Amino acid sequence: MTYRCTGGFAVYVDDQPQTYPGGVLVDVDDPILKTNPAAFERVETFTARRAAVPQSVAAVETATAAPGEARTVTTPQAKGKTSRP
């Protein structure tokens, strides 16, 4: 079974600094799981949570148009002008 670090942290192991960046994977027999279990989650849990997120929420808007894609441009309203009577 594999675990994933949920957030980065650093510890000293045998007087040597050891870093665990967020997202790094460790095996179930890694001793860091015994000393810092709250900093890790099972990979299966993470992937199930990611799969439950709707694609529209996880989608990223692109800054440029794809080949053949037409984009429309809207102009911002001028500041200070209102449509009051």
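Heads up: the structure comes first, above all this text.
Residues numbered from 1 in each chain as written. Predicted model: local features only at pLDDT ≥ 70, side-chain atom pairs only at ≥ 80, totals over all residues. Heavy atoms only, no water.

Student: Whenever I open this one, the environment of phenylalanine 9 confuses me. Can you help?
Tutor: Here phenylalanine 9 shows up in strand β2 (residues 9-13). C-alpha of phenylalanine 9 to C-alpha of asparagine 36: the two residues are 27 residues apart in sequence and 10.0 Å apart in space. (Helix = DSSP H or I, 4+ residues; strand = E, 2+ residues; numbered from the N terminus.)

Student: Would you take a moment to explain the sheet that holds strand β1 (residues 2-5) for this structure?
Tutor: Hydrogen bonds along the backbone pair up the strands of a sheet, which may run parallel or antiparallel. Here 3 strands make up an open sheet; going across it, the order is β4-β1-β5 and the pairing antiparallel. What marks the edges here is a single partner per strand, and that holds for β4 (25-27) and β5 (40-42). Shown here is a sheet whose adjacent strand axes are inclined to one another by a mean of 40°, direction ignored. Across 3 bridges, the pairing between β1 and β5 is antiparallel. Among the inter-strand pairings, cysteine 5 is bridged to a residue of β5, identified as phenylalanine 40. (Pairing = 2+ DSSP bridges. Axes fitted to C-alpha atoms, helices over the stretch in contact; angles between N-to-C directions.)

Student: What is the right way to read the pattern of salt bridges from this model?
Tutor: Oppositely charged side chains can pair when the atoms bearing their charge come close. Tallied over the entire structure, the rule returns 3 salt bridges. A salt bridge links glutamate 41 to arginine 4; the nearest nitrogen and oxygen atoms lie 3.5 Å apart. Here glutamate 41 is found in strand β5, whereas its partner arginine 4 is found in strand β1, with 37 residues between them in sequence. For the pair glutamate 41 and arginine 4, one class covers both residues: buried. A salt bridge links glutamate 41 to arginine 49; the nearest nitrogen and oxygen atoms lie 3.0 Å apart. You can call glutamate 41 buried: its relative accessible area is 14%. (Salt bridge = Lys/Arg side-chain N within 4 Å of Asp/Glu carboxyl O. Buried < 20%, exposed > 50% of the residue type's maximum accessible area, 1.4 Å probe, protein only.)

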